[in-house]
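# Examining the three-dimensional arrangement
The residues making up each chain are set out below.
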There are 2 protein chains.
Amino acid sequence: MANTKTNLSNSVKTLKGLQSEVQSINRIALSVDCVIFGFDENKLKVLLIRSDLKKYQNTFSLLGDLVKPEEDLDTSAYRILKQRTGLNDLYLEQVHTFGEVGRHPGGRVVTVVYCSLVNVQHHRLKTLDHDLHWHEIDSLKELLFDHKKIFDHCYVWLQKRVQEHPLGFSLLPNKFSLRELQNLYEAILHKKLDRRNFRKKFFSMDVLVDIGEDEQNVPHRPGKLYKFDYEKYEKNKKKWQGIDF
Amino acid sequence: MANTKTNLSNSVKTLKGLQSEVQSINRIALSVDCVIFGFDENKLKVLLIRSDLKKYQNTFSLLGDLVKPEEDLDTSAYRILKQRTGLNDLYLEQVHTFGEVGRHPGGRVVTVVYCSLVNVQHHRLKTLDHDLHWHEIDSLKELLFDHKKIFDHCYVWLQKRVQEHPLGFSLLPNKFSLRELQNLYEAILHKKLDRRNFRKKFFSMDVLVDIGEDEQNVPHRPGKLYKFDYEKYEKNKKKWQGIDF
DNA sequence: CGAATAATGTGTTTATTTTACACATAAAAT
DNA sequence: ATTTTATGTGTAAAATAAACACATTATTCG
């Protein structure tokens, strides 16, 4: 064990010594990558960018960037989103950090991955970089580096997370019908749900507010529109909890 | 948006250019910290080390180290565990990455946090560093830097994770009684459980094997001993899943 | 303008899961 | 042998989830 005394939290040393150690030993770059989910035409999508590397010109990539020394990880993720989508205040959550030695051909790059959920309608208003594309998640093939693996991880994360936390609403317009909400869940979970039970379940969770308006321009009986009420959610959090021992 | 063209995945550039970018821009150190849970005397514990920094001599700290440029994050975590506990093959899982700018006085250090669960009985056989201590989680006060915050996050993680994945067994000896298993869950979840329902639940999950032995040296009727069967778990995974829509 | 179309809105019955709860049994200690 | 202590088991009630059908409302088309 004595031969391990060269590391960060062993052997007595001064703060100053620690500082120089921190600044000299590490040659690892740190990036943030964002898996940005959207929902459009009843399909779950992910926002990708055409790789800016000549060698990988026809490959798409997640949106990411190196973390700046003076910014928090979350701040970095928000910055990337802001730069790329023009939007603030998106739902954002850290999911996992990927750091295999060979994952990036540019050297050792460890990437902290965030998931974000955006309302595509709203988003479409902004003019965007032409290399950005919303890809259907079902037809995703190869991505840059290990980005496909990262995406797969995040998609599984989303499927689980959406059942224990009301983050799905971030993918919808402020006003939505229950049908739209159900379509969203069906797209994320990739299975059909019973319409009556779905409705019952959401009402019992008590996070929706009937805003007294109906859908417009639908070729059939319009449904009522609802909005998500975060305060109601806070009061009814326990209903979103899973199994208990 | 044009003024954002200096980052990792924008603007067309060569792989070579990317390499030098990766190697020059980042001045961020990367560490791994391990929250090592143990279970002893019916109490949940965490393995801490007395800080090796003069300034923080009376403060305890998680076990961590800088990540080496040539090692994967998981490898790094395993190395730390091996060095500090002498054990291989411990349960290990990445939980979260903490990277606030001011979290470490030695400079910008982003830390990837892993949780590990060890069998304290087994562990005690090894001779350990004298600065290591098993602390009861209930009486944890201040820890080094943001380690208390990190610990709290991991404890919440454990409480949730133990209900959806059979990782708790890593905290027990190979052979255990149902009472010991229940004590473990009660310690982790911090609440009393009904003995009959607990037993029923675990049997219905179908991951335990009766090994045909009884407890020894207990001052009362001995309980049967069981072991955890990972293959059975693989077959019955779905029973560990939470709510479904 | 009426009929056909298409999706909304609502309740009940059944099955499953979870909770609450009590007594006989086996070993150890006295 | 009696007392102590914790094990081992089952059932009834309550809550939750699943399966399922029909009347309603707006639109579209003839």
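Notes on the structure in this doc start here. (Residues numbered from 1 in each chain as written. Chains lettered and ligands numbered in written order. Predicted model: local features only at pLDDT ≥ 70, side-chain atom pairs only at ≥ 80, totals over all residues. Heavy atoms only, no water.)

### What to know about a positive patch on the surface
Residues and elements named next belong to chain A. A cluster of basic residues, R179, R195, R196, R199 and K200, forms a positive patch on the protein surface. Ranked by residue count, the leading element in the positive patch is helix α6 (residues 195-205), at four residues. Among the structural elements, R179 can be located in helix α5 (residues 178-189). Here R179 falls in the partly exposed class, since its relative accessible area comes to 38%. (Patch = residues over 30% accessible without salt bridge, like charges linked within 9 Å, V, L, I, M, F, W, Y side chains within 5 Å. Areas by Shrake-Rupley, 256 points an atom, 1.4 Å probe, with all protein chains shown as cover. Salt bridge = Lys/Arg side-chain N within 4 Å of Asp/Glu carboxyl O. Lys, Arg positive; Asp, Glu negative; His and termini not counted. Charge placed at Lys NZ, Arg CZ, Asp CG, Glu CD. Helix = DSSP H or I, 4+ residues; strand = E, 2+ residues; numbered from the N terminus. Buried < 20%, exposed > 50% of the residue type's maximum accessible area, 1.4 Å probe, protein only.)

### A look at the pattern of salt bridges
The tally for this structure, following the rule as stated, stands at 28 salt bridges over all chains. Among the salt bridges present, the one from E41 of chain A reaches K45 of chain A, with a minimum N-O distance of 3.5 Å. Since its relative accessible area comes to 63%, E41 of chain A is described here as exposed. Classification of K45 of chain A as buried rests on a relative accessible area of 9%. Here E93 of chain B ties to R161 of chain B by a salt bridge, and the two come within 3.1 Å at their closest N and O atoms. Here E93 of chain B is found in strand β5 (residues 91-98), whereas its partner R161 of chain B is found in helix α4 (residues 147-161), with 68 residues between them in sequence. Look at R161 of chain B and you get buried, because its relative accessible area is 16%.

### Points about the protein's contact with DNA strand D
Taken together, 18 residues lie around DNA strand D, and R196 and R221 of chain A together with R196, R199 and R221 of chain B are the ones closest in. At the protein interface, 41% of the atoms of DNA strand D within 4 Å belong to sugar or phosphate. The separation between a base nitrogen of DNA strand D and a polar side-chain atom of K200 of chain A is 3.2 Å. Between DNA strand D and K224 of chain B there is a distance of 2.9 Å, counted from a phosphate oxygen to a backbone nitrogen or oxygen. Considered class by class, the residues forming the surface near DNA strand D number three nonpolar, four polar and 11 charged. (Near = heavy atom within 4 Å. Polar contact = N/O pair within 3.5 Å; in protein donor to acceptor, adjacent residues only side chain to side chain. Nonpolar A, V, L, I, M, F, W, Y, C, P; charged D, E, K, R; others polar.)

### So, the protein's contact with DNA strand C
Around DNA strand C there are 18 residues in total, and R199, R221 and K224 of chain A together with R196 and R221 of chain B lie nearest to it. Counting only atoms of DNA strand C within 4 Å of the protein, the fraction found in sugar and phosphate groups is 41%. Between a base oxygen of DNA strand C and a side-chain N or O atom of R221 of chain A, the distance comes to 2.6 Å. For the surface near DNA strand C, the secondary-structure elements that each account for two or more residues are α6 of chain A together with α6 (195-205) of chain B.

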